[in-house]
Amino acid sequence: MNRKERDDELARELRAHMDLEADELREQGLSPEEARLAARRAFGSPALAMDQTRDVWAWNPVDALSRQLRFALRRARKSKGFTATVALVIALAVGVTTAIFALIDVAFFKPLPYPEPDRLAYVTMTFNAASRGTVEQVLTGAQWEILRDNAGSFEPAVYSEWTTGVNCGVGDRAFFVQQQRVGASFFQVLGVLPVQGRSFSKEEDIENGPRAVVLSESLRRRIYGEAAEVIGQKLLLRGEPYTVVGVMPPGFRSGVNVDLWTPLRASTHGEGEGNNYQGMLRVKPGASLSAVAGELDNLSKSLPLRPPGRDGTQWQPRFKVQPLLEGRSAVVRKPLLLLLGAVAMVLLIGAINVGGLLLAKQSGRAAELATRLALGASRRQVFSEVLLDSLVLVAIGGALAVPVSVAALDGLRLLNDKMFGLVEAAAIDGRAWPSRWPARWARGSSRACCPRGRVSPASGGRSLWACWWRARWRSSCRCWWGRAFWGAHSWVCG
Amino acid sequence: MEKSETERVELLYGTLDMLVLQTLLFGPCHGHAIAKHIQRTSDEAFLVEHGSLYPALHRLERQGWVTTNWDKAPGKNREVKYYLLTPAGKKQLTAQQNKWAQLVAAIGKVMRPA
């Protein structure tokens with residue numbers, strides 16, 4: 001028997017019950033009309049009896065929910081203006097917050113798309129002077145050479161994080177492409193090698209060496225289409241001939257948006273005299289990041305001292321090593337956290353607005369709800385209905401938030417070219433969605449922000465969270481926003 | 001004889017099913033007659049609410065302790081739904097009666113120590 005048939009039968013059964021009661025009353029001398037009314041009174045609410053009987057049958061929870069859902073949708077349709085306002089507020093607040101969170105996720109939490117990302121580290125130089133604090137800089141050519149020549153438990157690589165737009169000529173066609181310059185060991189250290197051909201040789205990475213280029217898969221497709229063999233093909237970059245030696249796997253990213261890579265040819269003169277090189281390393285199997293940090297500390301002692309400044313300040317150079325994700329995102333950390341603070345405010349204001357609107361709407365229904373309670377609806381039913389009303393609005397707002405967040409992410413591209421590469425990698429996906437934030441933050445932050453705490457033997461029996469807190473506190477308690485952010489973070493994530 | 005509200009006793013939770021099965025032991029019955037029978041035999045102490053009776057009847061039907069069929073009410077020109085005790089229902093009734101007897105005996109011992 002299906003639901004409709006069972007409902008019909010139940011209604012017929014209850015009607016028969018009341019008729020039998022009326023028959024009895026008529027036999028006792030009441031008029032037919034009086035008997036009918038008295039029987040009805042004695043029975044109570046048939047709707048309530050039907051409702052309670054329906055509960056017995058298994059389909060009921062689903063059935064009740066779908067009925068209430070239909071009712072909620074009907075009510076949402078009836079007050080179009082209210083629904084649109086609430087949905088729009090939710091869409092805006094959640095949309096922009098999601099977009100920013102997608103960025104934050106890529107910058108701080110999402111593991112880098114390379115094998116064993118925990119073993120990758122970013123190397124910079126710090127100069128410390130007792131009276132002047134610490135200055136952090138990327139490497140010069142000479143510093144890179146010290147790192148390269150004294151690598152023990154790590155494999156170092158050097159690259160330039162800046163990309164340059166260049167003209168690329170192939171036959172009679174020209175393409176505008178983004179070029180990045182990387183050292184010979186760059187791909188090997190990242191752990192991703194070309195799918196076709198090879199990466200740069202040492203000879204190609206020195207001045208006046210053979211001119212070689214590695215293409216991204218998307219550029220290979222753009223230039224050569226489906227042609228199978230591209231290794232050895234010639235192309236012109238800034239008018240100079242280059243030979244294609246490799247093609248990277250599809251989806252490979254070196255942190256920024258790049259179409260092709262050429263050898264960096266790091267040297268100690270020219271650009272190598274300034275702080276122009278980014279250093280990174282991969283910890284060799286069996287070693288730990290803390291061991292590498294110790295090794296670099298020793299190495300720092302052999303670094304040549306800078307000549308004292310005019311005021312006599314003597315800067316003490318030291319290699320600083322930090323997880324690659326953290327190091328690479330250091331530049332965008334401040335603007336991103338500021339943006340996060342701003343959108344958190346937007347979210348809060350949105351939530352307060354929606355709360356106020358819903359409260360006003362529901363208090364307008366007080367008379368209706370009282371009537372329904374009087375007619376026999378249970379408190380649970382009324383409560384779930386009010387809840388479902390809000391959930392329908394949230395669902396509509398949430399659905400609208402998806403295009404809003406995509407548009408917001410597009411908008412962010414115009415905001416800051418430093419963030420450009422980051423925005424390219426960010427996507428509105430399951431990771432960025434609000435329902436997953438707390439878990440993401442709890443898991444991601446311990447992974448992304450505490451590798452040092454985790455690999456350090458000194459961490460001993462301390463919990464990951466304790467390490468995380470120590471690391472976080474040390475690095476962010478210097479500034480007020482760090483304190484505010486991490487305070488709020490711990491409050492939200494428990 | 002109508003009892004006042006204060007003289008009425010509330011049914012103990014879970015006992016309505018047993019009372020319905022006991023009523024059906026005397027033969028097939030419809031909802032109206034079952035309610036009347038329980039009220040009459042309890043000297044109007046129990047007022048069977050329809051919001052409880054019909055869920056109970058349908059619960060028993062779902063569990064296979066009763067079956068149903070529509071038939072003419074005797075002496076009346078209207079069809080009513082009759083509930084019939086099944087063999088499983090009889091077994092269930094015996095089990096519930098035993099449990100009930102144990103419960104009454106145990107409570108009796110506590111309330112009126114020998």
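Residues numbered from 1 in each chain as written. Chains lettered and ligands numbered in written order. Predicted model: local features only at pLDDT ≥ 70, side-chain atom pairs only at ≥ 80, totals over all residues.

**Describing the overall build of chain A**
Rules: For the purposes of this entry, the term helix denotes a DSSP run of H or I that reaches at least four residues, the term strand denotes a run of E that reaches at least two, and both are numbered from the N terminus. Three exposure classes are used. Buried residues have 20 or more other C-beta atoms within 10 Å of their own C-beta, exposed residues have 12 or fewer, and partly exposed residues fall in between, all C-beta atoms being placed from the backbone. What counts as a contact is two residues whose backbone-derived C-beta atoms lie within 7 Å of each other.
In terms of regular secondary structure, chain A is built from 18 helices and eleven strands. Evaluated residue by residue, chain A yields a buried proportion of 31% over its 494 residues. A fraction of 74% describes how many contacts in chain A between residues 6 or more apart in sequence connect residues 24 or more apart.

**A short note on the pairing of strand β6 (residues 212-215) of chain A**
All names here are of chain A. Put simply, the rule reads: The pairing criterion for strands is at least two bridges between them, as found by DSSP.
Both faces of β6 are covered, namely the face carrying A212 and V214 and the face carrying V213 and L215. Examined bridge by bridge, β6 and strand β8 (residues 240-247) share four bridges and lie parallel to one another. Bridging across to β8, L215 finds its partner in V247. Here β6 pairs with strand β9 (residues 260-263) via two bridges, running antiparallel. Residue pairing for β9: V214 is matched across the bridge by W261.

**Topic: helix α2 (residues 31-41) of chain B**
Heads up, the rule is: To be clear, the arc concerns the directions from the helix axis to the C-beta atoms.
Among the residues making up α2 of chain B, those that are buried are G31, H32, A35 and I38 of chain B. Projected down its long axis, α2 of chain B carries its buried residues within an arc of 140°, all on one side. Elements that come into contact with the buried residues of α2 of chain B comprise α1 (3-27) of chain A together with α1 (15-24), β1 (29-30), α3 (50-63) and β3 (79-85) of chain B. Remark: D43 of chain B follows α2 of chain B within two positions and exhibits a positive phi of approximately 55°.

**Section: the environment of Q137 of chain A**
Residue and element names in this part refer to chain A. Turning to its location among the elements, Q137 is positioned in strand β2 (residues 133-137). Between the C-alpha atoms of Q137 and T124, which are 13 residues apart in sequence, the distance is 5.9 Å. With sequence-adjacent residues up to four places away left out, Q137 is seen in contact with T124, M125 and N275.

**Topic: the confidence of the model for chain B**
As a reminder of what qualifies: Known as pLDDT, the predictor's confidence for each residue is given on a scale from 0 to 100.
Across chain B, pLDDT averages 87, with 93% of residues at or above 70. With pTM at 0.59, the complex prediction returns an ipTM value of 0.88.

**Notes on the sheet that holds β1 of chain B**
Residues and elements named next belong to chain B. Quick note on the threshold: Lines fitted to C-alpha atoms define the axes, with helix axes restricted to the stretch in contact, and inter-axis angles between N-to-C directions lie between 0 and 180 degrees.
Spatial strand order, β1-β3-β2: three strands in an open sheet with antiparallel pairing. The open sheet terminates on both sides in strands that have one partner only, identified here as β1 and β2 (66-72). Here two bridges tie β1 to β3, and the two strands are oriented antiparallel to one another. Residue H30 lies in a different strand from β3, and its bridge partner there is Y82. Along the sheet, α1 makes contact with β1, β2 and β3, crossing β3 at roughly 95°.

**Things to note about the interface of chain B and chain A**
When the parts come together, some accessible area is lost, and that loss is often what is quoted as the size of the interface. On the side of chain A, 16 residues touch chain B, which itself brings 15 residues to the contact. Secondary-structure elements contributing two or more residues to the side of chain B that touches chain A are α2, α3 and β3 of chain B.

**Describing the packing of helix α5 (residues 80-109) of chain A against helix α13 (residues 379-413) of chain A**
Residues and elements named next belong to chain A. Quick note on the threshold: With respect to orientation, any angle under 35 degrees is reported as roughly parallel, any angle over 145 as roughly antiparallel, any angle of 65 to 115 as roughly perpendicular, and every other angle as oblique. Note on convention: the crossing is left-handed when the near helix lies turned anticlockwise from the far helix by less than a right angle, right-handed when the turn is clockwise.
At their nearest, the axes of α5 and α13 sit 6 Å apart, and the two run at 45° to each other. With respect to α13, the element α5 is oriented oblique. Every pair of crossing elements has a handedness; the one defined by α5 and α13 is right-handed.

**Focus on the pairing of strand β7 (residues 234-237) of chain A**
Residue and element names in this part refer to chain A. Across two bridges, the pairing between strand β3 (residues 154-170) and β7 is antiparallel. By the bridge assignment, C168 is partnered in β7 with L237. Bridge count for β7 against β8 is four bridges, and the pairing is antiparallel. Across the sheet, the residue bridging to L236 is P241, located in β8. Counted along the chain from β7 to the antiparallel partner β8, the turn is two residues long, and its residue R238 has a positive phi close to 50°.

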